[in-house]
Amino acid sequence: MSSSPRITLLSAAVLAAVSLHASAEDAPSWLDRVQVTGSRIEQPVERALQSVSVLTRADIEASRAADVSDLLAQQAGVDLVRTGGSGSQNSLFLRGGNANHTLVLVDGVRVNSASQGIFDLAHLPLAAIERIEIVRGPRAAVWGSDAIAGVIHIFTRAPDGAHGEIRAGSYGRAGFDAGFGTEGGGFGLSAGYDRLDGFSATNPGNVWSYDPDRDGYRNRHVALQGKTLLGEQTLSFSGIATRGETEFDQGRTRADNHSGSAGLTGPLGGRWTHELRIGRSYEKLDTPAYGNVIGSRRESLDWAHTVRTGAAGAVAFGVNAAREQAYSLGWDGPEFRESRRNSGVFAVWNGQWQSQQFELATRWDDNSQFGLHRTASAGWARQWDGGRRLRASWGQGFRAPNFNELYYPGFFGLYAGNPDLQPERAQTTEIGYESPLGGNSQLRLSAYRSRVSDLISFAGTDSQAINIAQARINGTEAELAGAAGVWQWRAQGTWTRAVDGVSGEPLLRRPKLKGLLAAGYRFAGGGDLGLELSGYGKRADIGTQLPGFARLDLTGAWPLSPAWRLEARLENLFDRDYELLDGYNTPGRSILLRLRHQSP
């Protein structure tokens, strides 16, 4: 990586930024997509009363992203930092919230770690994903704890026929994925492997450790999908297991993540449908260099119902029960081993009167540690002729402290947990506007204001976990997409101000400005070429401020036959030096090649 003293944000240009999936046939087609995560009611994105993005399998392939983290980092309102290259620890900040303020679901199963409160996306294989739904803003009234900043729902891929890909690239990257499924997705099995020799994750700016060796990564994964009809009901199951081994300066961490579920869905009569799902998620992190093993598991049962009340209205309601367990083992044996239960009941009403749409939701959660919590949300939208739409929403959120925040003994007394912590609480208001702009283009704007009370921070004596007064988060997002002939483009940019409500200091590692500028060209033979310019503003980190930067990437693809396709992504074209986290390196100029096969 070459040194560059002039890494700056292209401020005004980047704020109006653009992100393009060059090979997609219709760039602004997000308005033609269906989502279910926002309200548990299946509905088109254009009727959602929240800010929702749906990434299909076609979008995932067209992005040419190296992994799930890179893909999500391209989306409006999503900031991601990690401690090195692919496979290193990830922290995702949605709309300025903390990393544990985003609920992550895989096939309807909650996968946030009960011990750490987050789900590390680094180990989830991109080739195994069919669709991702991103819902911005609080969804506690539907999903309960953790959904303060929003929900990311990942649906695994049900192979239909045979598919596969071989990958190779810079830093010793190599890998493959392959899968096979019966026609219509009745049964599918896929598996894959990734390896990366990597680069030095740290640089001399890392005050804790610096060793200029290569920090590599290995990943093995397998996924299973199936479904069958039982009369009018559909019995389904899905599961995914990953094992990632990440090297760092003092050693390596082995991360095992498993999740799976079995479900029964179908009509119960008339306009009444239901989904009964039993799920399980598991995480184990083993770091021999620290003599530390942490793990957690969660068993859950969800039973959700939807009753259609008319052409445009519906009521959803349901119950949920979950049992969480977590443990930590140190040099001297067990450090803690705890469990708790949570049960919840929710209801959502979605209705329409003439050109106006309404939504009300409420949920009651009974936690064995923290008692009863009620959350609610409300939304409204007005539609005009020509597709113009104004929406407004308000919602509450809460988050029960995770087990590490409560019980972890810390490092030599530093960063210890606190069993007297109280749950975090939040309120968010949002206003949005959507409109076609003529031709084949669409505009989406959002502005929001969040207040998080009793925010948990490691800021007490010896940096012990404590509740602080409040975090204040304000932000705006803009997306603009269009296509003209063989040219396609999509614009997005965000402005976020996230500060400590007492001191006024900015929350760490969240840029105020972020965006992407890109353009793409589609050839007559089915190939494509895309150019992307991404930019990030200044970000506060511990004891310092990281400068802004801009990065240029090039993507392309060419069909070799109806079943085979060659794809490439050349990242950081000008080999810029930049940091997402103080003291940690990022990739220099690098290339990723994919040879992809999909049976016709």
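Since this is a predicted model, take the numbers as computed values, not measurements. (Residues numbered from 1 in each chain as written. Predicted model: local features only at pLDDT ≥ 70, side-chain atom pairs only at ≥ 80, totals over all residues. Heavy atoms only, no water.)

1. Overview of the overall build of the protein chain
In step 1: In terms of regular secondary structure, the protein chain is built from 5 helices and 33 strands.
In step 2: Here the C-alpha radius of gyration of the protein chain, 23 Å, is about what a compact globule of 600 residues would show, namely 25 Å.
In step 3: The principal-axis extents of the C-alpha atoms in the protein chain amount to approximately 65 × 60 × 50 Å.
In step 4: Looking at the protein chain as a whole, 56% of its 600 residues are labelled buried.
In step 5: The contacts of the protein chain with a sequence gap of at least 6 include a subset with a gap of at least 24, amounting to 60%.
In step 6: When the accessible surface of the protein chain is split by element, carbon and sulfur atoms take 58% of a total near 24,300 Å². (Helix = DSSP H or I, 4+ residues; strand = E, 2+ residues; numbered from the N terminus. Rg over C-alpha atoms; globule rule 2.2 N^0.38 Å. Buried < 20%, exposed > 50% of the residue type's maximum accessible area, 1.4 Å probe, protein only. Contact = heavy atoms within 4.5 Å. Areas by Shrake-Rupley, 256 points an atom, 1.4 Å probe, with all protein chains shown as cover.)

2. Observations regarding the layout of surface pockets
In step 1: In this structure, the second largest pocket occupies an estimated 1,200 Å³ of space.
In step 2: The wall of the second largest pocket is formed by 39 residues, among which Val36, Phe155, Thr265, Glu275 and Arg277 lie closest to the centre.
In step 3: In terms of residue count, the dominant contributor to the lining of the second largest pocket is strand β17 (residues 292-308) (5 residues).
In step 4: Across the lining of the second largest pocket, the residue classes tally to 9 nonpolar, 18 polar and 12 charged. (1 Å grid on protein atoms, 1.4 Å probe; cavity = no way out; pocket = protein on both sides within 12 Å on 5 of 7 lines; lining within 4 Å. Points joined across faces, edges and corners; volume = space filled by probe spheres on them. Nonpolar A, V, L, I, M, F, W, Y, C, P; charged D, E, K, R; others polar.)

3. Points about the confidence of the model for the protein chain
In low-pLDDT regions, the fine details of the predicted coordinates are not to be read closely.
In step 1: Of all residues in the protein chain, 94% attain a pLDDT of 70 or more, and the chain-wide mean is 90.
In step 2: In the predicted structure, residues 1-28 sits below a pLDDT of 50 and forms 107 contacts with residues beyond four places in sequence or in another chain. (pLDDT = per-residue confidence, 0-100.)

4. Brief notes about the pattern of salt bridges
In step 1: If you walk through the whole model with that rule in mind, you get 46 salt bridges.
In step 2: The partner of glutamate 477 in a salt bridge is arginine 95, with the nearest N and O atoms 2.9 Å apart. Residue glutamate 477 is found in strand β25 (residues 465-484), and its partner arginine 95 is found in the loop between β5 (90-94) and β6 (102-106); the two are separated by 382 residues along the sequence. Both residues of the pair, glutamate 477 and arginine 95, count as buried.
In step 3: Arginine 389 is the salt-bridge partner of glutamate 434, the closest N and O atoms lying 3.0 Å from each other. Of this pair, glutamate 434 sits in strand β23 (residues 424-436) while arginine 389 sits in strand β22 (residues 389-399), and the two are 45 residues apart along the sequence.
In step 4: Looking at glutamate 434, the relative accessible area reads 10%, which means it is buried.
In step 5: Since its relative accessible area comes to 3%, arginine 389 is described here as buried.
In step 6: Connected via shared salt-bridge partners are Arg57, Glu61, Arg64, Glu165, Arg167, Asp177, Asp194, Asp528, Arg565, Glu567, Arg594 and Arg596. (Salt bridge = Lys/Arg side-chain N within 4 Å of Asp/Glu carboxyl O.)

5. Considering the nonpolar core
Nonpolar side chains in soluble globular proteins tend to end up buried together.
In step 1: One finds Leu72, Leu92, Ile129, Ile132 and Ile154 to be the most contacted residues of the largest nonpolar core, which totals 35 residues.
In step 2: Those elements that place two or more of their residues in this core are α3 (68-73), β4 (78-82), β5, β6, β8 (129-136) and β9 (150-156).
In step 3: Of all the elements, α3 adds the most residues to this core, at 4 residues.
In step 4: Excluding its chain neighbours within four sequence positions, the residues that come into contact with isoleucine 132 are Ser53, Val54, Leu55, Leu71, Leu72, Ile152, His153 and Ile154.
In step 5: Counting residues in each nonpolar core, the second largest holds 19 residues, with Val45, Ala48, Trp143 and Ala316 among its members. (Core = buried A, V, L, I, M, F, W, Y, C linked by side-chain atoms within 4.5 Å.)

6. Side note on a nonpolar patch on the surface
In step 1: A contiguous nonpolar surface patch, about 910 Å² in accessible area, is contributed by Val207, Trp208, Phe411, Phe412, Leu414, Tyr415 and Phe458.
In step 2: By the element assignment, phenylalanine 412 lies in the loop between α5 (403-407) and β23.
In step 3: According to the relative accessible area criterion, phenylalanine 412 is exposed, its value standing at 89%. (Patch = residues over 30% accessible without salt bridge, like charges linked within 9 Å, V, L, I, M, F, W, Y side chains within 5 Å.)

7. Quick notes on the pairing of strand β15 (residues 251-269)
In step 1: Relative to β15, strand β14 (residues 233-248) runs antiparallel, the two sharing 15 bridges. The partner of serine 238 across the bridge, within β15, is serine 261.
In step 2: Hairpin connection from β14 to β15: 2 residues lie between these consecutive antiparallel strands.
In step 3: With 15 bridges connecting them, β15 and strand β16 (residues 272-287) associate as antiparallel partners. From the neighbouring strand, serine 261 faces β16, where its bridge partner is glycine 279. (Pairing = 2+ DSSP bridges.)

8. Some details on the sheet that holds strand β7 (residues 109-110)
In step 1: Read from one edge to the other, the open sheet built from 5 strands follows the order β3-β8-β9-β6-β7, with strand pairing classed as mixed. Lying at the two open borders of the sheet, with one neighbouring strand each, are β3 (51-55) and β7.
In step 2: Sheet topology note: the β3/β8 ladder contains 5 bridges and is antiparallel. Residue pairing for β8: serine 53 is matched across the bridge by isoleucine 134.

9. Section: the packing of aromatic side chains
In step 1: Counted according to the given criterion, the structure contains 11 aromatic pairs.
In step 2: Pairing tryptophan 487 with tyrosine 521 gives two aromatic rings, centres 5.1 Å apart and planes at 70 degrees, and the pair type is edge-to-face. Here tryptophan 487, found in strand β26 (residues 487-500), pairs with tyrosine 521, found in strand β27 (residues 513-522); they are 34 residues apart in sequence, far enough to count as distant.
In step 3: Of the residues examined, tryptophan 487 reaches a relative accessible area of 47% and is grouped as partly exposed.
In step 4: Following the ring pairs from residue to residue traces out a cluster consisting of Trp487, Tyr521, Phe523 and Trp558.
In step 5: Here the basic side chain of arginine 374 rests over the ring of tryptophan 364, its NZ or CZ set 6.0 Å away from the ring centre. (Phe/Tyr/Trp six-rings, centres within 6.5 Å; stacked < 30°, edge-to-face > 60°. Lys NZ or Arg CZ within 6 Å of the ring centre and 35° of its normal.)

10. A few points about the side chain of histidine 123
In step 1: Its location among the elements puts histidine 123 in the loop between β7 and β8.
In step 2: A polar atom in the side chain of histidine 123 sits 2.9 Å from the side chain of tyrosine 217.
In step 3: In this structure histidine 123 touches Gly87, Tyr217, Asn219, Thr242, Gly244, Thr246, Ala255 and Asn257, once residues within four positions along its chain are discounted. (Polar contact = N/O pair within 3.5 Å; in protein donor to acceptor, adjacent residues only side chain to side chain.)

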